[in-house]
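# What the coordinates show
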Amino acid sequence: MASAPSSEPAAQRLAASAPWDAEADDRLVCLAVRDETHDVKTFVLAPKEPRLFAYAPGQFLTFSFEIGTDTIHRCYTISSTPTRPHAVSFTVKRVPGGPVSNWLHDNLKPGDTVRALGPMGDFSCLRHPAQKYLLLSGGSGVTPMMSMARTFHDLAEPRDVAFVHSARTPADIVFRRELETMARLDAGFRFHAVCEADAPNEVWSGPKGRLTLETLRDAVPDFMDREIFVCGPKPYMDAVQALLRQAGFDMARHHQESFDFGELSEAEQAAATDAEKSLDAAPAGGVRTFRVEFAKTRRVLECPETETVLDAARKAGIRLPSSCAKGLCGTCKSKLTKGTVSMTHAGGIRQREIDAGMALLCCSKPTSDLVVER
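Remember, predicted model here, so these are calculated numbers, not experimental data.

It is worth spelling out the nonpolar core at this point. Counting residues in each nonpolar core, the largest one holds 31 residues, and the members touching the most others are F63, F65, F90 and L104. Where this core is concerned, the elements lending two or more residues are β1 (27-37), β2 (40-47), β3 (60-67), β4 (70-77), β5 (88-93), α2 (99-107) and β6 (113-120). Looking at this core, the element that brings in the most residues is β3, giving 5 residues. Of the residues that make up this core, three or more belong to each of domain 1 (11-120) and domain 3 (289-372). C125, M148, A149 and C195 belong to the second-largest nonpolar core, a separate cluster that totals 27 residues.

This is the structure in structure tokens:
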């Protein structure tokens, strides 16, 4: 007769009292993989040695994934709640052609190890205390809002929270059952979904189309009195900003977050075209310009000493992985095989990595000619 699984590991994890410190050990073990929708999965992680996670709801971790022969950095918002500190979760939508999301969905399994840095980020309800909140999310932007909603629910404080999520179809509403349950159990929490179309197996009876001012007023009549947090694709966030300004909302109480690994925007493409025309122009005001070579792609650009390597690359039409552009997330971390930079970061790189010749391109300005291992 097979013996029952031992509860000793769970007991050890629950007895943990020391905090997790990525500087001491950045390895996290995958404990579980959970299907949220047909193309969204949640990955539950914990340190190998039992430790407690401390973070503000809305913050993110930066991961290093070994995919083939490459190490790829990506930042993902924490979708779990700090009120349950023994494990941490991040939730990922499979993106067609996306090298990381597809690898995660197809390969990361319980027992596997990944490396993480953080937590980081200023996007959190805890940094803006209020009695009434409105959480607005579109698509994968639901994850930081879920962390905030779960935190409020667990703390059971007398707080008024409205959550409005925009999805393509009812089948694409991430965390739908949990959010509906929270709304049923907590009189101070309301959840509304807006869907663009019906799902194959469900005709959507709620608000249809995209979020409009009229839809928002119907769902949350007192939205003008609330602290508002927004996360989602850039077009969604731009639309939300426009409708809030149209309503006369106090934008000092509007907070947004986005991590976008998509194509260059039209403005960036236009800037790149302009930059290419002026690469040979003499720098004004005595500003020195340095040669930056990307070793793998063999692309070369000229970067003024007053400009970050990432900004110069974007203007030259060179796509580099980036996210926060503030020296926080580590997504643009790259090896310098030649040259030096002036770097002012915000915690997205360790000193030992700097000593090994790594740099964050988003906050690094050249002080000599450079060769970047990309």
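What the 5 strands build is an open sheet, ordered β9-β8-β7-β10-β11; its pairing is parallel. The two strands at the open ends of the sheet, each matched to only one other strand, are β9 (189-195) and β11 (254-257). Mean inter-strand twist for the sheet, computed between neighbouring axes without regard to direction, equals 15°. Judged from the 7 bridges that link them, strand β7 (residues 132-138) and strand β8 (residues 160-167) form a sheet pairing that is parallel. When the sheet's bridge partners are listed, L136 is paired in β8 with V164. Here helix α6 (residues 234-247) sits on the sheet in contact with β7, β8, β10 (227-231) and β11, set at roughly 155° to β10.

Throughout the structure, instances matching the rule amount to 27 salt bridges. Residues R226 and D160 are paired through a salt bridge, measuring 2.9 Å at the closest nitrogen-oxygen approach. Of this pair, R226 sits in the loop between α5 (213-219) and β10 while D160 is found in strand β8, placing the two residues 66 residues apart along the sequence. When its relative accessible area of 24% is taken as the criterion, D160 is described as partly exposed.

Position of H165 relative to the elements: it lies in strand β8. Its relative accessible area of 1% is what places H165 among the buried residues. Polar contacts involving the side chain of H165 include one to the side chain of S137, which spans 2.7 Å. Other than its neighbours up to four places away in sequence, H165 contacts S137, G138, G139, V142, I173, V174, F191, H192, A193 and V194.

Once that is clear, we can look at the domain arrangement of the protein. For the protein, the assigned domains are domain 1 (11-120), domain 2 (125-257) and domain 3 (289-372). Each partner contributes residues to the interface: domain 1 has 12 residues there, and domain 3 has 13 residues. Together domain 1 and domain 3 conceal approximately 930 Å² of surface at their shared face, both sides included; 51% is due to carbon and sulfur atoms. Inspection of the region where domain 1 meets domain 3 yields 2 salt bridges. The salt bridge involving R350 is made with E23; its shortest N-O contact spans 3.8 Å. Across the contact surface, domain 1 and domain 3 share 3 residue pairs in polar contact (both at pLDDT 80 or more). Listing elements by their share of the side of domain 1 that touches domain 3, those giving two or more residues are β3, β4 and β6. A per-element tally of the side of domain 1 that touches domain 3 places β4 first, with 4 residues. Here the residues of the side of domain 1 that touches domain 3 are counted per class, giving 6 nonpolar, 2 polar and 4 charged.

Cut-offs applied
- Residues numbered from 1 in each chain as written.
- Predicted model: local features only at pLDDT ≥ 70, side-chain atom pairs only at ≥ 80, totals over all residues.
- Heavy atoms only, no water.
- Core = buried A, V, L, I, M, F, W, Y, C linked by side-chain atoms within 4.5 Å.
- Buried < 20%, exposed > 50% of the residue type's maximum accessible area, 1.4 Å probe, protein only.
- Helix = DSSP H or I, 4+ residues; strand = E, 2+ residues; numbered from the N terminus.
- Domains from an automatic or database assignment.
- Pairing = 2+ DSSP bridges.
- Axes fitted to C-alpha atoms, helices over the stretch in contact; angles between N-to-C directions.
- Contact = heavy atoms within 4.5 Å.
- Salt bridge = Lys/Arg side-chain N within 4 Å of Asp/Glu carboxyl O.
- Polar contact = N/O pair within 3.5 Å; in protein donor to acceptor, adjacent residues only side chain to side chain.
- Buried area = accessible area lost by both parts, 1.4 Å probe.
- Nonpolar A, V, L, I, M, F, W, Y, C, P; charged D, E, K, R; others polar.

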